[in-house]
Amino acid sequence: MPTPQEILSLIDQKYELIDLKFIDMPGTWQHLTVHKSQIDESSFTAGVAFDGSSIRGWKSINDSDMAMVLDPNATWEDPFMEVPTLSIVCSIVEPRTGQPYSRCPRAIAQKALDYLVSTGIGTEAFFGPEAEFFVFDDVRYGQAENKGYYQVDSSEGFWNSGREEMEGNLGNKIRPKQGYFPVAPIDTLQDLRTEMLLTMAKCGVPIEKHHHEVATGGQCELGFRFASLVKAADYLMTYKYAIKNVARKYGKTVTFMPKPLFGDNGSGMHVHQSIWKDGQPTFFGGGYADLSESALHYIGGLLRHAPALLAITNPTTNSYKRLVPGFEAPVNLAYSQGNRSASVRIPLTGGNPKAKRMEFRCPDASCNPYLAFSAMLLAGLDGIKNRIDPGSPMDVDIYELSAEEKAHVPSTPGSLQEALKNLRADHDFLLAGGVFTEDFIQTWIDYKSKESLDVNIRPHPYEFALYYDV
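Residues numbered from 1 in each chain as written. Predicted model: local features only at pLDDT ≥ 70, side-chain atom pairs only at ≥ 80, totals over all residues. Heavy atoms only, no water.

Trainee: Can you help me understand the overall build of the protein chain in this one?
Mentor: When you go through the protein chain residue by residue, the secondary structure sums to 12 helices and 17 strands. Along the longest, intermediate and shortest principal axes, the C-alpha atoms of the protein chain span 65 × 60 × 50 Å. Counting across all 470 residues of the protein chain, residues that qualify as buried make up 52%. Excluding contacts between residues fewer than 6 apart, the proportion of contacts in the protein chain whose partners are at least 24 apart in sequence is 68%. Both charge centroids of the protein chain, one from 44 positive and one from 58 negative side chains, sit 1 Å from each other. (Helix = DSSP H or I, 4+ residues; strand = E, 2+ residues; numbered from the N terminus. Buried < 20%, exposed > 50% of the residue type's maximum accessible area, 1.4 Å probe, protein only. Contact = heavy atoms within 4.5 Å. Lys, Arg positive; Asp, Glu negative; His and termini not counted. Charge placed at Lys NZ, Arg CZ, Asp CG, Glu CD.)

Trainee: Any chance you could explain the sheet that holds strand β3 (residues 48-51) here in plain terms?
Mentor: Two strands in a sheet stick together by hydrogen bonds in their backbones, pointing the same way (parallel) or opposite ways (antiparallel). Read from one edge of the open sheet, 5 strands run β2-β1-β5-β4-β3, paired in mixed fashion. Pairing within the sheet leaves two strands with one partner each, and these edge strands are β2 (29-35) and β3. Between one strand and the next, the sheet's axes are offset by a mean angle of 40°, whatever the strand orientation. With 7 bridges connecting them, strand β4 (residues 65-77) and strand β5 (residues 85-93) associate as antiparallel partners. Looking at β5, one finds that M68 is bridged to I92. Lying on the sheet, helix α4 (residues 229-249) is in contact with β1 (17-23), β2, β4 and β5; it crosses β4 at an angle near 80°. (Pairing = 2+ DSSP bridges. Axes fitted to C-alpha atoms, helices over the stretch in contact; angles between N-to-C directions.)

Trainee: Can you help me understand the packing of helix α5 (residues 293-313) against helix α7 (residues 369-385) in this one?
Mentor: In a packed pair of helices, the relevant descriptors are the angle between the two axes and the axis-to-axis distance. Where α5 contacts α7, the axes come no closer than 6 Å and their chain directions differ by 135°. With respect to α7, the element α5 is oriented oblique. Like other packed secondary-structure pairs, α5 and α7 cross with a definite hand, here right-handed. Contacts between α5 and α7 involve S294, H297, Y298, G301, L302, H305, L309, I312 and T313 on the former and, on the latter, L371, A372, A375, M376, L377, A379, G380, L381, D382, G383 and I384. Split into classes, the residues belonging to the contact of α5 with α7 amount to 12 nonpolar, 7 polar and 1 charged. (Parallel < 35°, antiparallel > 145°, perpendicular 65-115°, else oblique. Left-handed = near helix turned anticlockwise from the far one by under 90°. Nonpolar A, V, L, I, M, F, W, Y, C, P; charged D, E, K, R; others polar.)

Trainee: Quick question: what am I supposed to make of the environment of F256 here?
Mentor: Positionally, F256 belongs in the loop between β12 (253-255) and β13 (269-277). Of the residues examined, F256 reaches a relative accessible area of 5% and is grouped as buried. As a C-alpha pair, F256 and Q219 span 37 residues in sequence and 9.8 Å in three-dimensional space. F256 has contacts with A131, E132, F133, Y239, K240, I243, K244, A365 and S366, leaving out every residue within four places of it along the chain.

Trainee: Just to check I follow, could you spell out the nonpolar core for this structure?
Mentor: Generally speaking, a soluble globular protein has its nonpolar side chains buried in company with each other. Of all hydrophobic cores here, the largest spans 123 residues; its most connected members are F127, F133, Y239, F360, F373, L377 and F436. Here this core takes 13 residues from α4, the largest share from any one element. The contacts of F127, once residues within four sequence positions are left out, are F226, A227, L229, A232, V271, H272, Q273, Y298, F373, M376 and L377. Within the second largest apolar cluster, 6 residues are counted, among which are A334, M394, I398 and V409. (Core = buried A, V, L, I, M, F, W, Y, C linked by side-chain atoms within 4.5 Å.)

Trainee: Would you take a moment to explain unusual backbone geometry for this structure?
Mentor: Glycine aside, a negative phi is what most residues show, and trans is what most peptide bonds show. Going from A184 to P185, the amide bond is cis rather than trans, its omega being 10°. Residue placement: P185 occurs in the loop between β8 (148-153) and α3 (190-202). Positive phi is not limited to glycine here, since D290 has a value of about 60°. Along the chain, the position of D290 falls in the loop between β14 (280-281) and α5. The phi angle at R387 is positive, at roughly 50°, despite the residue not being glycine. Counting through the fold element by element, R387 comes out in the loop between α7 and α8 (403-406). According to the relative accessible area criterion, R387 is exposed, its value standing at 51%.

Trainee: Which parts of the structure should I look at to understand the side chain of D187?
Mentor: Within the element layout of this structure, D187 appears in the loop between β8 and α3. Take D187: its relative accessible area is 8%, and that puts it in the buried class. Among the polar contacts listed, one links the side chain of D187 to the side chain of R193, at a separation of 2.7 Å. Not counting chain neighbours up to four residues away, the residues in contact with D187 comprise P182, R193 and H212. (Polar contact = N/O pair within 3.5 Å; in protein donor to acceptor, adjacent residues only side chain to side chain.)

Trainee: Sorry, what's going on with the packing of aromatic side chains here?
Mentor: Aromatic ring pairs are defined here through the distance separating the ring centres and the angle between the ring planes. This model, assessed by the stated rule, comprises 22 aromatic pairs. Ring centres 5.6 Å apart and planes at 80° place the aromatic pair F80 and Y241 in the edge-to-face group. Of the two residues, F80 sits in the loop between β4 and β5 while Y241 sits in helix α4, which places them 161 residues apart along the sequence. For the pair F224 and Y235, a centre-to-centre distance of 6.0 Å together with 80° between the ring planes defines the contact as edge-to-face. Highlighted residues: F224 in strand β10 (residues 219-224) and Y235 in helix α4, separated in sequence by 11 residues. Across this residue pair, the class does not change: F224 and Y235 are buried. Here K21 stacks its cationic end above the ring of W29, 5.9 Å away from the centre of that ring. In this arrangement the basic side chain of K240 is found over the ring face of F256, its NZ or CZ atom lying 5.1 Å from the centre. (Phe/Tyr/Trp six-rings, centres within 6.5 Å; stacked < 30°, edge-to-face > 60°. Lys NZ or Arg CZ within 6 Å of the ring centre and 35° of its normal.)

Trainee: Got a minute to help me understand a nonpolar patch on the surface in this structure?
Mentor: A contiguous nonpolar patch, built from V139, Y141, Y150 and F262 and spanning about 570 Å² of accessible area, is present on the exposed surface. Note on Y150: relative accessible area 54%, which makes it exposed. (Patch = residues over 30% accessible without salt bridge, like charges linked within 9 Å, V, L, I, M, F, W, Y side chains within 5 Å. Areas by Shrake-Rupley, 256 points an atom, 1.4 Å probe, with all protein chains shown as cover. Salt bridge = Lys/Arg side-chain N within 4 Å of Asp/Glu carboxyl O.)

Trainee: Explanation requested: α5 in the structure shown.
Mentor: Along an α-helix, a turn takes 3.6 residues, which lines up residues three or four apart on a common side. Here α5 is 21 residues long, yet its end C-alpha atoms lie only 25 Å apart, well below the 30 Å a rise of 1.5 Å per residue gives. Buried residues dominate α5, accounting for 17 of its 21 residues. (Expected span 1.5 Å × (residues − 1).)

Trainee: Just checking my understanding: could you explain the packing of α5 against helix α9 (residues 416-425) for this structure?
Mentor: Two elements in contact, α5 and α9, have axes whose closest approach is 7 Å; the angle formed by their N-to-C orientations is 115°. The interaxial crossing formed by α5 with α9 has left-handed handedness. Two secondary-structure elements touch here, α5 through P307, A308, L310, A311 and I312 and α9 through A419, L420, N422 and L423. A per-class count over the contact of α5 with α9 returns 8 nonpolar, 1 polar and no charged.

Written out as structure tokens, the structure reads:
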């Protein structure tokens, strides 16, 4: 891990410009580029001042002074800038007190790790997200008083089997739900994904794989190695940044929107997680699927709090168009060994204790990863502390159960409004250790409630098909 002095020495030798990146409350990277003369050792402790009044969900204009504290362990040369520029990820502090800003997602994530240590349950929490996305050739959308529309297009989309194309329509299209894993010429995105993956590596992300995903229309996934909570969130933000910018270089566009296509699989973000203590895994044991008692209680906490948790891990109205039966989406709040129809899956890892983990399959990549990983950790820790029983595992295909049998299996919320209602009623587990604050939770609920209302008050195109002639 480099020291601030080593980073300053690197800057002095190679870089004129430094790009400071930080994440806002909804989950988008913001940035400020400064000349190297503006960076010194104090930048890594007191931070670099900026105006926070225009950042979503943050300060008012009469209390807008904030500071970005540079993290020497989150640096890489930005591959998308013409002039060599060092990118540094930052956390936000209150400049008058030097304390972490209570609405800074990255600061919240660090507090979550600090709280884990304080409980004595573990010293490290590892997260491995698997974020899916779509690659489109064209996207158009708009909303006005008298119209509202969207249109996405992909040359590999099955709906384009009959259209005229520049080089002739060669017919190599992916049918709905058949995108996993055909070779070329059906899979047309191999070289694009390869460049995305290798670009991520240049940014310091430990890469593993890439492949086409189940849906038509350019659904893909790239894989990177798990990491500690804050670092895993840093990696995911770098992942999204690299993928979107490489796609733009190819004249394409990427979206992590969970359900941009009707009638085909949506994009999720399955999140593998485990707790270690003093360098040793704690989730391996003699219970079901070789899980320890604490791992089962961790799962119990996730399942107990999932209806509220999804307001943070699935924070868009579009998220709940993915969480519907029939598209491999984990709508059932149950756990199982290897069963992908359950919301919690225990991957088959053999007898290696270090590989033992659980996978929460509900989240999607529209979330803010620092908040989502922190919230999942706190739900799991609440399960361990209160010895929450996850119930019996469900090793059958839940989708094939009868209606009577399914009635006994809890399900995910049906809308963002419902998830926010659950969060309002159940968020004490997020306040443990002062990780989240009541102010943050209320701000989040208010912000997302307005988002939900803004969608609900607008006419939907399908409503015209249903009701225009009533």
